[in-house]
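# Close look at the chain arrangement
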Amino acid sequence: MTTGVAERESYYERTGEHSYKPTAHAGGAWSTDEQHFSPLAGLVAHALERHLATRPGNLVIARISYDILGRIALDECEITVGTVRPGRTIELLEATVTIGGRPVVRARAWLLASLDTSAVADSPHERLPAPEELTPWAMSERWDGGFVSSIDVRRTPPLRKGRTAAWASSPVDLVAGEPIGSLASYIALVDIANGIAVQQDPTAWMFPNLDLTIHLHRQPEGRWTGLDTTTTFGPSGQGLTSSVLHDLRGPVGHAEQILTVRPLPGD
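Rules used in this analysis
- Residues numbered from 1 in each chain as written.
- Predicted model: local features only at pLDDT ≥ 70, side-chain atom pairs only at ≥ 80, totals over all residues.
- Heavy atoms only, no water.
- Helix = DSSP H or I, 4+ residues; strand = E, 2+ residues; numbered from the N terminus.
- Rg over C-alpha atoms; globule rule 2.2 N^0.38 Å.
- Buried < 20%, exposed > 50% of the residue type's maximum accessible area, 1.4 Å probe, protein only.
- Areas by Shrake-Rupley, 256 points an atom, 1.4 Å probe, with all protein chains shown as cover.
- Lys, Arg positive; Asp, Glu negative; His and termini not counted.
- Charge placed at Lys NZ, Arg CZ, Asp CG, Glu CD.
- Polar contact = N/O pair within 3.5 Å; in protein donor to acceptor, adjacent residues only side chain to side chain.
- Salt bridge = Lys/Arg side-chain N within 4 Å of Asp/Glu carboxyl O.
- Patch = residues over 30% accessible without salt bridge, like charges linked within 9 Å, V, L, I, M, F, W, Y side chains within 5 Å.
- 1 Å grid on protein atoms, 1.4 Å probe; cavity = no way out; pocket = protein on both sides within 12 Å on 5 of 7 lines; lining within 4 Å.
- Points joined across faces, edges and corners; volume = space filled by probe spheres on them.
- Nonpolar A, V, L, I, M, F, W, Y, C, P; charged D, E, K, R; others polar.
- Phe/Tyr/Trp six-rings, centres within 6.5 Å; stacked < 30°, edge-to-face > 60°.
- Lys NZ or Arg CZ within 6 Å of the ring centre and 35° of its normal.
- Expected span 1.5 Å × (residues − 1).
- Pairing = 2+ DSSP bridges.
- Contact = heavy atoms within 4.5 Å.

Another aspect to go through is the overall build of the protein. The number of helices and strands found in the protein is 4 helices and 16 strands. Relative to the 2.2 N^0.38 estimate, which gives 18 Å for 267 residues, the radius of gyration of the protein is 18 Å and therefore close to what a compact globule would have. With respect to the principal axes defined by its C-alpha atoms, the protein has extents near 55 × 50 × 45 Å. In the protein, which comprises 267 residues, the share counted as buried stands at 48%. Entry remark: accessible area of the protein is about 13,400 Å², with carbon and sulfur atoms responsible for 52%. Taking the average place of the 23 positive charges on the side chains of the protein and the average place of its 31 negative ones, the gap between the two points comes to 4 Å.

What follows covers the side chain of Arg-154. If you trace the backbone, Arg-154 turns up in strand β8 (residues 152–155). Since its relative accessible area comes to 18%, Arg-154 is described here as buried. A distance of 3.5 Å separates a polar side-chain atom of Arg-154 from the backbone oxygen of Pro-131.

Turning our attention to the pattern of salt bridges. Pairing between side chains of opposite charge can happen when the charged atoms of each approach one another. All chains considered together, the criterion is met by 11 salt bridges. With a closest N to O distance of 2.4 Å, Glu-178 and Arg-14 form a salt bridge. With a gap of 164 residues between them, Glu-178 in the loop between β10 (173–175) and α3 (182–187) and Arg-14 in strand β1 (residues 10–14) connect regions that are remote in the sequence. Using a relative accessible area of 27% as the deciding quantity, one classes Arg-14 as partly exposed.

Attention now goes to a nonpolar patch on the surface. Residues Ile-90, Trp-110 and Leu-112 make up a contiguous nonpolar surface patch of roughly 230 Å² in combined accessible area. Along the chain, the position of Trp-110 falls in strand β6 (residues 102–113). Classification of Trp-110 by relative accessible area gives partly exposed; the value is 30%.

If you add up the space inside the largest pocket, you get close to 630 Å³. Among the secondary structure elements, those contributing two or more residues to the lining of the largest pocket are β3 (59–68), β6 and β15 (250–260). Here the lining of the largest pocket is composed, by residue class, of 10 nonpolar, 9 polar and 4 charged. Roughly 520 Å³ of internal volume is contained in the second largest pocket. In terms of lining residues, the second largest pocket is bounded by 25 residues, among which Trp-30, Glu-34, Gln-35, Pro-208 and Asn-209 are the most central. Grouping the amino acids of the lining of the second largest pocket by side-chain chemistry returns 13 nonpolar, 9 polar and 3 charged.

Think of a pair of aromatic rings as described by two things: how far the centres are apart, and how the planes are tilted against each other in angle. Per the counting criterion, the structure on display carries 6 aromatic pairs. Taken together, a centroid distance of 5.3 Å and an interplanar angle of 50 degrees make the contact between Tyr-11 and Phe-147 tilted. Here Tyr-11 is found in strand β1, whereas its partner Phe-147 is found in helix α2 (residues 146–150), with 136 residues between them in sequence. The exposure classification of Tyr-11 matches that of Phe-147, with both residues buried. Measuring from ring centre to ring centre gives 5.9 Å for Trp-143 and Phe-207, while their planes differ by 80 degrees; the resulting arrangement is edge-to-face. Taken as a pair, Trp-143 in the loop between β7 (135–136) and α2 and Phe-207 in the loop between β11 (205–206) and β12 (211–216) lie far apart in primary sequence, 64 residues in all. Each member of the pair, Trp-143 as well as Phe-207, is classed as buried. Clustering of aromatic rings is evident, with ring pairs tying together Trp-30, Trp-143, Phe-207 and Phe-233. Here the guanidinium or amino end of Arg-155 rests over the ring plane of Trp-137, the centre of that ring lying 3.7 Å away.

Let's shift gears to helix α1 (residues 37–53). With 17 residues, α1 ought to run about 24 Å at 1.5 Å a step, and its terminal C-alpha atoms sit 24 Å apart, in line with that. Judged by how many residues are buried, α1 sits mostly within the fold: 13 of 17 residues are covered.

Attention shifts here to the pairing of β15. Most of β15 is tucked away: 8 of the 11 residues are buried. Of the strand pairs in this sheet, strand β14 (residues 238–247) and β15 are connected by 10 bridges, and their pairing is antiparallel. Within β15, the residue paired with Val-244 across the bridge is His-254. In sequence, β14 turns back onto β15 through a hairpin of 2 residues.

A word on the side chain of Ser-19. With respect to the secondary-structure elements, Ser-19 resides in strand β2 (residues 19–22). A distance of 2.9 Å separates polar atoms of two side chains, one belonging to Ser-19 and the other to Thr-15. What Ser-19 contacts, discounting residues up to four positions off in sequence, is Glu-13, Arg-14, Glu-76, Cys-77 and Glu-78.

Set out below in structure tokens:
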């Protein structure tokens, strides 16, 4: 029987206890038959949070470091989670994403005990202007792929090449029919930093990131991911995208992405 309510769209559909199938919305910016790393990073965070939910304790994720081991095909993936260093107040987890029997991403997450340090909480970073104060930016005019076309981006006018701030949100669910924690939803948008503070024309130069490392001094809240981002290209083929991370309450941490910079082959 038809209910008249449209089914919500998602980046992934669960196909097993630890396996997921990407939808077209997860399509990459450099190649549409690959996954954009941003929603996959969020999916890994979701798998880590599901793992933590099965255990007692008050540990929270304070750092996630992702290494991208190769091409991430737009195919079904499996995510496994294990403990590297157990502990009651400090713990290290590792998650591995496998596609076609080959590991494509490894992520390690440091967990720290949650306790009240509000009396000394402070950050030198100023809050970003609110999303409604910024101009919507059609990111899909510069970048291809299903993921880029699915998100809402509000950006400050670039101060110069490689320097800007932006807010991003998405109306698309991370996993179809599953409740998603605020951390996984937030992280699912962090990897776009490399695409908002553009140093060079992506039709002339490639600068994909090989990793993503996120440090958090506070757990993010809400539907908006804020990125105060600087991208630097070095003289010998390496680059770095650095972001101060924000939610609507203020700064929450930092993100870093190492880039491989190379000219695109000529026509």
